[in-house]
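Read off the chains here:
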Amino acid sequence: EAGVAQSPRYKIIEKRQSVAFWCNPISGHATLYWYQQILGQGPKLLIQFQNNGVVDDSQLPKDRFSAERLKGVDSTLKIQPAKLEDSAVYLCASSQGTASYGYTFGSGTRLTVV
Amino acid sequence: QQQVKQSPQSLIVQKGGISIINCAYENTAFDYFPWYQQFPGKGPALLIAIRPDVSEKKEGRFTISFNKSAKQFSLHIMDSQPGDSATYFCAARGVGDMRFGAGTRLTVKP
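Every value quoted in this text rests on a predicted model; they were computed, and no experiment measured them. (Residues numbered from 1 in each chain as written. Chains lettered and ligands numbered in written order. Predicted model: local features only at pLDDT ≥ 70, side-chain atom pairs only at ≥ 80, totals over all residues. Heavy atoms only, no water.)

Before going further, it helps to examine the pattern of salt bridges. Proximity of charged atoms lets side chains of opposite charge pair with each other. All names here are of chain A. According to the stated counting rule, one finds four salt bridges over all chains in the structure shown. The closest approach of N and O atoms between Arg64 and Asp86, which form a salt bridge, is 2.5 Å. In this pair, Arg64 is assigned in the loop between strand S6 (53–56) and strand S7 (65–68) and Asp86 in the loop between strand S8 (75–79) and strand S9 (88–95), connecting sequence segments 22 residues apart. Since its relative accessible area comes to 11%, Arg64 is described here as buried. On the basis of relative accessible area, Asp86 is assigned to the buried category, the value being 2%. (Salt bridge = Lys/Arg side-chain N within 4 Å of Asp/Glu carboxyl O. Helix = DSSP H or I, 4+ residues; strand = E, 2+ residues; numbered from the N terminus. Buried < 20%, exposed > 50% of the residue type's maximum accessible area, 1.4 Å probe, protein only.)

Shown next, in the form of structure tokens:
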């Protein structure tokens, strides 16, 4: 089974610029999660999708972050404009459903905002 | 958002020793407690998990001990090996998303 694919692996941008991350979950996994992992901390949920609908985006800073999952498969997470404190690893994970406890994570995108 | 407290922050163990990482949670609605292992440049990978109706679960060298009344659970790594050097996260899930601890960086010295 192919894993969760994420791109790019690394991104360096200046503050106030915009950036987008892409995630392709495991085939057949209905639920997709975006997590933010700041250095030295555990992952923090940003947004959860069930198919192409949002289940939970309560922790997403909506003034600058947006995410979509068109057609219920791939997803993109965008930051516009970026701030220095957005420097982190952005992890995508997927599971078979919202009631499924087995999460599979991608390798993440490391974002550095300078 | 942190509802899972993990300790220690870092741990150094000699090869062959026992590594112990502890976590405490607050929300009694949590019903699934996994441990994730993360190597540099990789995403977290599920290592072992337990549900609160069981007090202990063992898989190979890895054991979870669970104390429901104290709202605590721990990971024990027996016969620790240099290849176990990684960051370990405890987590807890109830209705909704998974909440993660801050992580423990384990170093196993040869």
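Moving on, we get to the packing of aromatic side chains. Evaluation of the coordinates by the stated rule reveals 18 aromatic pairs over all chains. Ring centres of Tyr25 of chain B and Phe66 of chain B lie 6.1 Å apart, and the angle between their planes is 20°; on these two criteria the pair is classed as stacked. One end of the pair, Tyr25 of chain B, is in strand S3 (residues 19–25); the other, Phe66 of chain B, is in strand S7 (residues 62–67), and 41 residues separate them in sequence. In this structure, Tyr25 of chain B and Phe66 of chain B share a single accessibility class: buried. Following the ring pairs from residue to residue traces out a cluster consisting of Tyr33, Tyr35, Tyr103 and Phe105 of chain A together with Tyr36 and Phe100 of chain B. (Phe/Tyr/Trp six-rings, centres within 6.5 Å; stacked < 30°, edge-to-face > 60°.)

Listed per partner, the contact involves 18 residues of chain B and 22 residues of chain A. Across the chain B/chain A interface, buried area totals approximately 1600 Å², and carbon plus sulfur atoms make up 48% of it. Remark: the boundary between chain B and chain A carries zero salt bridges. Summed over the shared surface of chain B and chain A, the number is three residue pairs in polar contact (both at pLDDT 80 or more). (Contact = heavy atoms within 4.5 Å. Buried area = accessible area lost by both parts, 1.4 Å probe. Polar contact = N/O pair within 3.5 Å; in protein donor to acceptor, adjacent residues only side chain to side chain.)

Before going further, it helps to examine the state of the cysteines. Considering all chains together, one arrives at two disulfides over all chains under this definition. Each sulfur in the disulfide pair Cys23 of chain A and Cys92 of chain A lies 1.9 Å from the other. Disulfide Cys23 of chain A to Cys92 of chain A: torsion about the S-S bond roughly -70°, handedness left-handed. Of this pair, Cys23 of chain A sits in strand S3 (residues 19–24) while Cys92 of chain A sits in strand S9, and the two are 69 residues apart along the sequence. Taken as a pair, Cys23 of chain A and Cys92 of chain A share a single burial class, namely buried. Between the sulfur atoms of Cys23 of chain B and its disulfide mate Cys90 of chain B the distance is 1.8 Å. One disulfide, between Cys23 of chain B and Cys90 of chain B, carries an S-S torsion of -90° and so falls in the left-handed class. (Disulfide = S-S within 2.5 Å.)

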